[in-house]
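Chain residues, written in single-letter form:
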Amino acid sequence: MAKTKITLEIAKEIAEKLNTCERRQDVYAEYPYDQSSIMYALKRYGLWVNKYKTRPSGIVQQVLDHQEMLETGGVTAYELAKRIGCSPVYVSVLAKKHGIKLYFTKHRGRRKTVPDELCQKIIDHLKENGGTVNSSSRALGMNSQRVQQATRNYAKRIGFEAKVYRLAHQRFGLWKILPGIPTPMYTADYKVDALCTGCGKVYQVTICNLRSGVSSGCKCCRKNQGNIPVMCEETDSEYASIMSLTKNLDIKNYQSVRLSLEKTGVFEYEGFTYVYKK
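Values in this document were obtained by computation on a predicted structure and should not be read as measured data. (Residues numbered from 1 in each chain as written. Predicted model: local features only at pLDDT ≥ 70, side-chain atom pairs only at ≥ 80, totals over all residues. Heavy atoms only, no water.)

Student: Help me understand the overall build of the chain, please; the structure alone is not making it clear to me.
Tutor: Within the chain, the secondary structure is distributed over 16 helices and nine strands. When each of the 278 residues of the chain is scored for burial, the buried share is 33%. For the chain, contacts bridging at least 24 residues in sequence account for 48% of all contacts bridging at least 6. (Helix = DSSP H or I, 4+ residues; strand = E, 2+ residues; numbered from the N terminus. Buried < 20%, exposed > 50% of the residue type's maximum accessible area, 1.4 Å probe, protein only. Contact = heavy atoms within 4.5 Å.)

Student: Just checking my understanding: could you explain the nonpolar core for this structure?
Tutor: Among soluble globular proteins, nonpolar side chains are generally buried collectively. Of all hydrophobic cores here, the largest spans 26 residues; its most connected members are Trp-175, Leu-245 and Tyr-274. By residue number, the principal contributor to this core is strand 4 (residues 189-196), which donates three residues. Residues within four places of Tyr-274 in sequence aside, it is in contact with Val-230, Met-231, Cys-232, Tyr-239, Leu-245, Leu-249, Leu-261, Gly-265, Val-266, Phe-267 and Tyr-269. Cys-119, Phe-160, Val-164 and Ala-168 belong to the second-largest nonpolar core, a separate cluster that totals 15 residues. (Core = buried A, V, L, I, M, F, W, Y, C linked by side-chain atoms within 4.5 Å.)

Student: Quick question: what am I supposed to make of the pairing of strand 3 (residues 183-186) here?
Tutor: Bridge analysis of strand 3 against strand 4 gives three bridges, and the strand direction is antiparallel. Considered in strand 4, the bridge of Tyr-186 is made with Asp-189. Counting the residues that bridge the hairpin from strand 3 to strand 4 gives two residues. (Pairing = 2+ DSSP bridges.)

Student: What is the right way to look at the packing of aromatic side chains in this model?
Tutor: Aromatic ring pairs are reported here in terms of the distance separating the ring centres and the angle at which the planes meet. All chains considered together, the criterion is met by five aromatic pairs. Taking 5.8 Å as the distance between ring centres and 80 degrees as the angle between the ring planes, the aromatic pair formed by Trp-175 and Tyr-203 counts as edge-to-face. In this pair, Trp-175 sits in strand 2 (residues 175-177) while Tyr-203 sits in strand 5 (residues 202-206), placing the two residues 28 residues apart along the sequence. With relative accessibility at 3%, the residue Trp-175 sits in the buried group. Taking the relative accessible area as the measure of exposure, Tyr-203 reaches 32% and is therefore partly exposed. On the numbers, 6.3 Å between centres and 35 degrees between planes, the contact of Phe-267 with Tyr-274 is tilted. Both residues of the pair, Phe-267 and Tyr-274, count as buried. Through a chain of ring-to-ring contacts, three or more aromatic side chains come together here, namely Tyr-239, Phe-267, Tyr-269 and Tyr-274. (Phe/Tyr/Trp six-rings, centres within 6.5 Å; stacked < 30°, edge-to-face > 60°.)

Student: How do you make sense of the pattern of salt bridges when you look at a structure like this?
Tutor: Two side chains with opposite charge may pair up if their charged atoms get near one another. Applying the stated criterion to the full structure yields three salt bridges. Note that Lys-17 is salt-bridged to Glu-30, the shortest N-O span being 3.0 Å. Separated by 13 residues along the polypeptide, Lys-17 in helix 1 (residues 8-20) and Glu-30 in the loop between helix 2 (24-29) and helix 3 (35-44) bring together distant segments of the chain. Using a relative accessible area of 49% as the deciding quantity, one classes Glu-30 as partly exposed. In this structure, Asp-116 engages Arg-157 in a salt bridge whose closest nitrogen and oxygen atoms are separated by 3.0 Å. Taken as a pair, Asp-116 in helix 10 (residues 116-129) and Arg-157 in helix 12 (residues 145-158) lie far apart in primary sequence, 41 residues in all. Each member of the salt-bridge network shares a partner with another, and the members are Glu-13, Lys-17 and Glu-30. (Salt bridge = Lys/Arg side-chain N within 4 Å of Asp/Glu carboxyl O.)

Student: Any chance you could explain the packing of helix 7 (residues 77-84) against helix 8 (residues 88-97) here in plain terms?
Tutor: Relative placement of two packed helices is described by the angle separating their axes and the distance separating the axes. Remark: helix 7 packs on helix 8, axes separated minimally by 8 Å, with the N-to-C direction vectors making an angle of 110 degrees. Of the possible angle classes, the one that applies to helix 7 and helix 8 is roughly perpendicular. Where helix 7 abuts helix 8, its residues Ala-77, Tyr-78, Leu-80, Ala-81 and Ile-84 lie against Pro-88, Val-91 and Ser-92. Broken down by class, the residue content of the contact of helix 7 with helix 8 amounts to seven nonpolar, one polar and no charged. (Axes fitted to C-alpha atoms, helices over the stretch in contact; angles between N-to-C directions. Parallel < 35°, antiparallel > 145°, perpendicular 65-115°, else oblique. Nonpolar A, V, L, I, M, F, W, Y, C, P; charged D, E, K, R; others polar.)

Student: I keep staring at the sheet that holds strand 6 (residues 230-232) and nothing clicks. Help me out?
Tutor: In any sheet, the strands associate via hydrogen bonds between backbone groups, in a parallel or an antiparallel arrangement. As summarised here, the arrangement of the four strands in space is 7-6-9-8, forming an open sheet in which the pairing is antiparallel. Two strands in the sheet have a free side with no partner beyond their single neighbour: strand 7 (238-239) and strand 8 (267-269). Where strand 6 and strand 7 come together, two bridges link them in antiparallel fashion. Residue pairing for strand 7: Val-230 is matched across the bridge by Tyr-239.

Okay, structure coming up:
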């Protein structure tokens, strides 16, 4: 390749051919310079244009072709998206980028507000079962961001703190976490108020010990856990211990009953629910 410098006149001539050619390699082959030298010279003179980046894609071009229909309501973003094979959100983004005013955004009616009764229903479920606004709304079959945000706004209006019930009512053996805000303890650990269902007393327990299974009840109840009475919620029948329960119901796997009561605080058998007696 030649070592002569590419002058401004030569660069303008090359740039003009590059803008109108089909293949750039054909233009590069006409001159005694390598491709990198031509690109460097065009960039140095401010003549380099990457036509492949500036050329609109097929989807963009179709959105631009339907500009009048989008602005007059002849076609909606959803209908156009199905027609050209993309998402309605992408059509809206392209319309905003290219200054297209979508018809439905100018003439959209006022959105229906979420009734306070629906928000109160979600909050009542949250109080009873614990968790978050999102989990409670999903449990009630109302998995909508609009409903969830409306519930948070309603909770602020009535002075309800949803974060108090984030860990509430979770069961870990004999422990049942009570509503409240966890107290920071270490870098990644917290203390919560938990009710020991064996003796009915409230203690502060670390979340790490609860989740890892290190603590499943107060010292007194853990020491005598084999003698904690078990009762049936449906029939109010009482059993002196887990062993007594398994013998009366003719359950051979004692360990499965014990582990179920320790981890969840509940054992279900033949349609009946058995729990530790408070």
